[in-house]
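# Fold and contact review
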Amino acid sequence: MTDTLTTLTAKDFTSNQEPKWCAGCGDHAVLQQLKSAMADLNLKTEEVVVVSGIGCSSRLPYYVATYGVHGIHGRALPVASGLKAARPELNVWVATGDGDALSIGGNHYIHTIRRNPDLNVILLNNEIYGLTKGQYSPTSKIGQRTVTSPNGLIDYPINTIALTLGAGGTFVARVTDRDGKFMREIFKRGARHRGTSLIEIYQNCPIFNDNAFSAFTDRERKADTTLYVEHGQPLVFGKESDKGIRLDGFKPVVVNLNDASVSKNDLWIHDEGDFNKANILSRFFDNPNASEDFPPRPFGIFYVEDRFTYEDALTAQVEKAQENGEGTLEALLAGNSTWTIK
Amino acid sequence: MTDTKTTTRQVNVTSKTSVTVLFAGDSGDGMQLTGTQFANTVAVYGSDLNTFPNFPSEIRAPAGTISGVSGFQMQFGSTAVYTPGAKFDVLIAMNAAALKSNIDKLHHGGIIITDTDGFDAKNLKLSGYGEGNSPLEDGSLQDYTLFEIPVVSLTRAALADTGLSVKNIDRCKNMFILGILYWLYSLPIDTTVKTLQTKFKNKADIAEANIKAVQAGYNFGDETDMFAQFGRFEVGPAAMKKGTYRRVTGNEAAAIGLAAASKKAGLKLFLGSYPITPATEILQALANMKKWGVKTFQAEDEIAGVLSSIGASYGGALAATSTSGPGLALKSEALGLAVIMELPLVVMNVQRGGPSTGLPTKPEQSDLFIAMYGRHGDAPMPVIAAYSPVDCFYAAYEAAKIAVEHMTPVICLTDGYLAFSSEPMLIPSPDSLLEVKPVFAKPRNEGDDPYLPYKRNQLGVREWAVPGTKGLEHRVGGLEKANETGNVSHDPLNHQLMTDLRMEKVARIADCIPLQTIDNGAEKGDLLVLGWGSTYGAIKIAVDRALKAGHSVAHAHLRYLNPFPKNLGEILRNYKKVLIPENNCGQLLLMIRDQFLIEPVAFNKVEGLPFNEMEIEAKITDIVKEL
């Protein structure tokens, strides 16, 4: 390391405020991995801003010893966009939830994703409204009974990954709150990506929606229900790594690798840069209640694209306008067309 | 390249102190451009002026109909001009609908210049006169001086050899009319010639055709008997202050004011906004100021507009958002956030007729209450108002100064009338502008006292800690915060304290703003006319006339609506009666009654039109008669 400064640790990113999340809430794990990722990234506390909206997950900025803004419901992304446009050199993270980002803030979500400012968006999806005590959210499951859907939910849920790809996302990933180190690595990849990084986290709410993701986190079942994708690697899953996914045209098909007629070479090789395949992968969701059967739910980085960021383009326009020097106050006041009264 | 012919005939020239002209035609006839050209020429000549465009909210309402009429009104004079005029001396009517919809505002005996080509059977039908019922022929215009000119035909004849298509030639008909006006008011065409050369720099044939049309119109005035017999007019230059001028609309002035304040404060300007009539030009003007480091962000909606600005403000920029009524309503929640976060933010609210979509292109002063009270919780915000197009510069500038120096969002009210009106602006020297001093927190090193985000100075103002600064890491948000530390607090007494501190901080701005002055009239008397915003010009003239008529009347105009200047109560009690003319149902009146326990006389008008001086003068006369 050439850096002579003392490298910070996760502890240095811990604020003096005690997290007030429920015991067992997935948010604790996310906070811990985030602070560790920041330390791993060699960030300085003064160059980081964590912005949030409203909801359980949006309390996160208070617990990180950086700069932070706890905004209003649904509006973390415009606050972060304005901040990043004004101060491109800052390292800006957004902590938001399924209700915050996808319901009340849905419009901002779409437009921020397409503008691609360099933000690291951590979307803690617990498929429920926690802070208001248990109403369904836009990611809740069909048929789910909540205090506002006593007869079972009839709102078809949002597919976060597909929505993000559709809106023009340039870094699209999913992890669970149990993923620990893997989550931290995705945070770091996302932070290094220039552009909006969307990291959806399946986060368990032990109070109002416990076990919402147990199909994907339960040690016994997880291997058959999840598909961890890695760039350049074939899509393989299953307890014995004995199942693979092959593309039949545009149609994904599960193959049994124990079958002598199937070769690993025939499998779908994950390519982070392939938008079409990312879209197919994002649709491993279409029966949102099916978790035991095909398709397995993908985790990891679906898609990465190198595209200009909003603030870089804006800065370039300002620099171009100032190529012959910044405008003076005199010139501003005078404008282009004047006359003189003597 | 142009034939700069001057008149050779003996023509009678009449001198006038002021003239009001309305250019009216179909939305596509180029009336705004024509009026603007005439205004520029008059300004360069040295007359004072005030212009006001009057156009429908539809971009291209059906051609030939009343709803499709677009107008550009202006008053120019050799004395100070405060309004675009109440009634016209001259009406340019490019078609039947333009005549029909404006004839009632033409002075008795006024001049009508019509394009007879706009009075054919189709136009008569669409305008509602009815086929075969031409007002040009039925004697209904006999009280006016009517000039009937086949403008389209004459323009086609004049431009026949240009090789342009008929469509392009017909587009020059407004320049032909403009030429006639230049002749009629003894004005030179060269300012317009220069503008056309610049505007169509890359379309030489179009520039040439337009210039030819202006010249042809001018020559037509010069050579035609109907004008020669009628004579010409002359409006001399006004006694304007010496100096260099530019012409600005209220929206342009507001944009320049914000940018100037950012320069003076040493901050970068950030505008997060969403297009909305009649505020859009502020966003457009600032989008063109990148040379001055201005960043604009056209957000996906009004809410994102203001919140992006709050983000930028947290980041240390001078942040602003521009909007109009419906947008201000959408921004309410975010403004509460700016209040509790105590961050500087300027909200330029260009008022229009409401409620709801209301009258998007028409002015009103009905957002005073939402500016004052339109947030949940006790969320005090300073409110100031501009009184003229040029004053939009100073008001926006001052809004920024208050925001930055008192760490608070500030609402600056203008309206559609000021936004679109224009007048000459004496360009101020940079040194003459007030200082704008941000209250930044200093970086902390180990061993220093920790930064306390909500520790206040004597004015109750907290320090601005900008991300990137060492040792000032802090978290702020919408939750109530503990005094000084800014940590989340639900403590009852702390909430009481913080609410009180926020109220007190805004109230203390009264210590820093100038005292209220009397604009015109004596400091004690029978009647005080108290105004705010765009009613200034009409009140000014009306009070001036009432004073000349010997009445004991005075005029005070409020810039600061929250907090009021400290001496306002004292001033109000120096008169037997207070009259408050407002383009709303009495919003300032209620605030005055509430704070000073006096009973002012209301004078309210919500017709989507500004007051004219005659209305106010009549009201003053009525009141003083009974005192």
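Residues numbered from 1 in each chain as written. Chains lettered and ligands numbered in written order. Predicted model: local features only at pLDDT ≥ 70, side-chain atom pairs only at ≥ 80, totals over all residues. Heavy atoms only, no water.

Per an unreviewed UniProt entry, the recorded name for chain B is 2-oxoglutarate ferredoxin oxidoreductase, alpha subunit, and the organism is Chlorobium luteolum.

Under an unreviewed UniProt entry, chain A has the name 2-oxoglutarate ferredoxin oxidoreductase, beta subunit and belongs to Chlorobium luteolum.

## So, the interface of chain A and chain B
Note the cut-off: Note on definitions: a residue-residue contact is assigned when non-hydrogen atoms from the two residues lie within 4.5 Å. Buried area: the sum, over both parts, of the accessible surface (1.4 Å probe) that disappears when the two are put together. Counted as salt bridges are all cases of a side-chain nitrogen of Lys or Arg within 4 Å of a carboxyl oxygen of Asp or Glu. Think of a polar contact as two N or O atoms within 3.5 Å of one another; within protein, one of them needs to be a possible hydrogen donor and the other a possible acceptor, and neighboring residues in sequence only count if both atoms come from side chains. To qualify as a helix, a DSSP run of H or I must reach at least 4 residues; to qualify as a strand, a run of E must reach at least 2; elements of each kind are numbered from the N terminus. Note that Gly is not counted as nonpolar here; it falls among the polar residues with everything else outside the nonpolar set of Ala, Val, Leu, Ile, Met, Phe, Trp, Tyr, Cys and Pro and the charged set of Asp, Glu, Lys and Arg. A pair of strands is considered paired only if DSSP assigns at least 2 bridges between the two.
With 58 residues of chain A in contact, the opposing surface of chain B contributes 67 residues. Between chain A and chain B, the buried area comes to about 5,200 Å², and carbon and sulfur atoms account for 63% of it. Along the contact surface separating chain A from chain B lie three salt bridges. The partner of Arg115(A) in a salt bridge is Glu300(B), with the nearest N and O atoms 2.6 Å apart. On the surface where chain A and chain B come into contact, there are 32 residue pairs in polar contact (both at pLDDT 80 or more). Where the side of chain A that touches chain B is concerned, the elements lending two or more residues are strand 2 (67-70), helix 2 (76-86), helix 4 (106-115), helix 10 (310-321), helix 11 (329-334) and strand 12 (339-341) of chain A. Here the side of chain A that touches chain B gets seven residues from one element, more than from any other, and that element is helix 2 of chain A. Taken together, the residues of the side of chain A that touches chain B sort by class into 26 nonpolar, 24 polar and eight charged. As paired elements, strand 12 of chain A and strand 9 (residues 243-249) of chain B share three bridges and run antiparallel to each other. If you follow Ile341(A) over to strand 9 of chain B, its bridge partner there is Gly243(B).

## Digging into the pattern of salt bridges
Using the following cut-off: Each residue is placed in one exposure class: buried if its accessible area under a 1.4 Å probe, protein chains only, is under 20% of its type's maximum, exposed if it is over 50%, and partly exposed if it falls in between.
Per the counting criterion, the structure on display carries 34 salt bridges over all chains. Between Asp391(B) and Arg559(B) there is a salt bridge; the shortest N-O distance is 2.6 Å. With Asp391(B) in helix 15 (residues 391-406) and Arg559(B) in the loop between strand 19 (553-558) and strand 20 (560-562), this residue pair connects regions lying 168 residues apart in the sequence. In this pair, the class of Asp391(B) matches that of Arg559(B), namely buried. Salt-bridge contacts for Asp511(B) lead to Lys566(B); the nearest nitrogen and oxygen are separated by 2.6 Å. On the criterion of sequence distance, the pair formed by Asp511(B) in the loop between helix 17 (492-507) and strand 18 (525-532) and Lys566(B) in the loop between strand 20 and helix 19 (568-572) is long-range, its members being 55 residues apart. According to the relative accessible area criterion, Lys566(B) is exposed, its value standing at 57%. The structure contains a network of salt bridges with shared partners spanning Asp40(A), Arg184(A), Glu185(A) and Lys188(A).

## What to know about the confidence of the model for chain B
This is how the line gets drawn: For every residue, the predictor states its confidence as a pLDDT score lying anywhere from 0 to 100.
In this model, chain B carries an average pLDDT of 95, and 98% of its residues clear a pLDDT of 70 or more. On the interface metric, ipTM, the complex scores 0.96, and its pTM is 0.95.

## Thoughts on the domain arrangement of chain B
Often, the extent of an interface is quoted as the loss of accessible area upon association of its parts. Residues and elements named next belong to chain B. For clarity, the threshold we go by: These domain boundaries are the output of an automatic or database domain assignment.
According to the domain assignment, chain B consists of domain 1 (13-235), domain 2 (246-432), domain 3 (456-511) and domain 4 (518-626). With 16 residues of domain 1 at the interface, the matching set in domain 2 holds 11 residues. Regarding the contact of domain 1 and domain 2, the summed buried area is about 1,100 Å², with carbon and sulfur atoms giving 56% of it. Considering only the surface of domain 1 that becomes buried against domain 2, Thr-51, Phe-52 and Phe-55 emerge as the three largest contributors, covering 38% of it.

## Some thoughts on the UniProt feature "domain: Thiamine pyrophosphate enzyme TPP-binding" (unreviewed entry) in chain A
Note the threshold: UniProt positions are given in the numbering used here, feature names are shortened, and annotations may be inferred rather than shown by experiment.
In the numbering used here, UniProt assigns the "domain: Thiamine pyrophosphate enzyme TPP-binding" (unreviewed entry) feature to residues 54-201 of chain A. Spanning residues 54-201 of chain A, this segment combines 32% helix with 20% strand, and its end C-alpha atoms are found 17 Å apart.

## Regarding empty space enclosed by the protein
Residue and element names in this part refer to chain B. Definition in use: A pocket here means an open set of points on a 1 Å grid, computed over the protein atoms alone, that has protein on both sides within 12 Å along at least five of seven lines. A cavity is instead a set of points where a 1.4 Å probe fits but cannot get out; residues with an atom within 4 Å of a point line either one. Grid points are joined across faces, edges and corners, and a volume is the space filled by probe spheres set on the points.
For the structure shown, the criterion picks out four cavities of 30 Å³ or more. Surrounding the largest cavity, Phe-52, Pro-53, Asn-54, Phe-55, Thr-361, Lys-362, Pro-363, Gly-608 and Leu-609 form its lining. Its residues placed into classes, the lining of the largest cavity shows five nonpolar, three polar and one charged. If you count residues domain by domain, the lining of the largest cavity takes at least three from each of domain 1 (13-235) and domain 2 (246-432).

## Examining the packing of aromatic side chains
Rules: In summary, the pairing rule links any two rings of Phe, Tyr or Trp, Trp by its six-membered ring, whose centres are within 6.5 Å, and it sorts them by plane angle into stacked for under 30 degrees, edge-to-face for over 60 and tilted for everything else. We call a charge positioned above a ring when the Lys NZ or Arg CZ atom is no farther than 6 Å from the ring centre and deviates by at most 35 degrees from the ring normal.
Enumeration according to the criterion identifies 34 aromatic pairs over all chains in this entry. With a centroid separation of 4.3 Å and 20° between ring planes, the pair formed by Phe147(B) and Phe227(B) is classed as stacked. You can see Phe147(B) sitting in strand 7 (residues 145-149) and its partner Phe227(B) sitting in helix 9 (residues 225-230), a full 80 residues away along the chain. Each member of the pair, Phe147(B) as well as Phe227(B), is classed as buried. Ring plane angle 80° and centroid distance 5.2 Å describe the contact between Phe147(B) and Phe230(B), whose orientation is recorded as edge-to-face. Remark: Phe230(B) occurs in helix 9 and Phe147(B) occurs in strand 7; sequence separation between them is 83 residues. The exposure class of Phe147(B) is buried, given its relative accessible area of 3%. What makes Phe230(B) partly exposed here is its relative accessible area of 29%. An aromatic cluster of three or more residues is present, and its members are Phe23(B), Phe38(B), Phe76(B), Phe147(B), Phe176(B), Tyr182(B), Trp183(B), Tyr185(B), Phe220(B), Phe227(B), Phe230(B) and Phe233(B). Over the aromatic face of Phe299(A) sits the side chain of Arg174(A), whose NZ or CZ is 5.8 Å from the ring centroid.

## Structural notes on the domain arrangement of chain A
Residues and elements named next belong to chain A. According to the domain assignment, chain A contains domain 1 (26-231 + 271-304) and domain 2 (234-268). For domain 1 versus domain 2, the distance between C-alpha centres works out to 28 Å. Summing both partners gives a buried area of about 1,100 Å² for domain 1 against domain 2, and 73% of it is carried by carbon and sulfur. Inspection of the region where domain 1 meets domain 2 yields one salt bridge. Ionic pairing is found between Lys-243 and Asp-224, a salt bridge with its closest N-O pair at 3.2 Å. At the junction of domain 1 and domain 2, the tally comes to four residue pairs in polar contact (both at pLDDT 80 or more).

## Focus: the sheet that holds strand 8 (residues 236-237) of chain A
Residue and element names in this part refer to chain A. Strand order in the open sheet made by the three strands is 8-9-10, with antiparallel pairing throughout. Of all the strands in the sheet, the pair left with one neighbour each is strand 8 and strand 10 (251-256). As paired elements, strand 9 (residues 243-248) and strand 10 share six bridges and run antiparallel to each other. Each residue of the ladder has a partner; that of Leu-247, found in strand 10, is Pro-252.

## Things to note about the sheet that holds strand 19 of chain B
All names here are of chain B. For the record, the criterion: Angles here are taken between N-to-C directions and fall from 0 to 180 degrees, while the axes themselves are lines fitted to C-alpha atoms, restricted in helices to the stretch in contact.
Taken in spatial order, the four strands of this open sheet run 19-18-21-22, and their pairing is parallel. In this open sheet, the two edge strands, each paired with only one partner strand, are strand 19 and strand 22 (601-604). Across this sheet, the average inter-strand angle for adjacent strands is 25°, counted without regard to direction. Each of strand 18, strand 19 and strand 21 (575-582) is contacted by helix 18 (residues 536-548), which is oriented at about 165° to strand 19, the strand it contacts most. Helix-sheet contacts for helix 21 (residues 613-626) involve strand 18, strand 19, strand 21 and strand 22, and the interaxial angle to strand 22 is about 160°.

## Topic: the pairing of strand 9 of chain B
Residue and element names in this part refer to chain B. Within strand 9, six of the seven residues are buried, which leaves it mostly tucked inside the rest of the structure. Both strand 9 and strand 16 (residues 422-426) contribute to a ladder of five bridges, which runs antiparallel. Residue pairing across strands places Thr-249 opposite Ser-422, the latter belonging to strand 16.

## Considering the nonpolar core
Taken as a class, soluble globular proteins show a tendency for nonpolar side chains to be buried jointly. Keep this limit in mind: Throughout, nonpolar core names a set of buried Ala, Val, Leu, Ile, Met, Phe, Trp, Tyr and Cys residues whose side chains join them through atoms within 4.5 Å.
Among the nonpolar cores identified, the biggest contains 158 residues, and Val51(A), Leu286(B), Ile310(B), Leu530(B), Leu561(B), Leu588(B) and Ile592(B) are the most heavily contacted of them. In this structure, Leu286(B) is in contact with Ala255(B), Leu258(B), Ala259(B), Leu269(B), Leu271(B), Val294(B) and Thr296(B), ignoring residues within four places of it in sequence.

## A look at the side chain of Gln365(B)
All names here are of chain B. Structurally, Gln-365 is set in the loop between strand 13 (345-351) and helix 14 (368-373). The exposure class of Gln-365 is buried, given its relative accessible area of 0%. When neighbours within four sequence positions are excluded, Gln-365 is seen to be in contact with Gln-351, Asp-415, Trp-532, Gly-533, Ser-534, Thr-535, Glu-582, Asn-583, Asn-584 and Gln-587.

## Regarding the packing of helix 1 (residues 26-40) of chain A against helix 6 (residues 181-192) of chain A
Residue and element names in this part refer to chain A. The line we're drawing: Orientation labels follow simple angle bins: below 35 degrees gives roughly parallel, above 145 gives roughly antiparallel, 65 to 115 gives roughly perpendicular, and whatever is left gives oblique. Helix crossings fall into two classes, left-handed where the near helix is turned counterclockwise from the far one by less than a right angle and right-handed where it is turned clockwise.
Put simply, helix 1 and helix 6 touch, their axes get as near as 9 Å, and they point 50° apart. In terms of their interaxial angle, helix 1 and helix 6 are classed as oblique. When you trace helix 1 past helix 6, the crossing you get is right-handed. Packed against helix 1, whose contacting residues are Val-30, Gln-33, Leu-34, Ser-36, Ala-37 and Asp-40, the element helix 6 presents Lys-181, Met-183, Arg-184, Phe-187 and Lys-188 at the interface. Taken together, the residues of the contact of helix 1 with helix 6 sort by class into five nonpolar, two polar and four charged.

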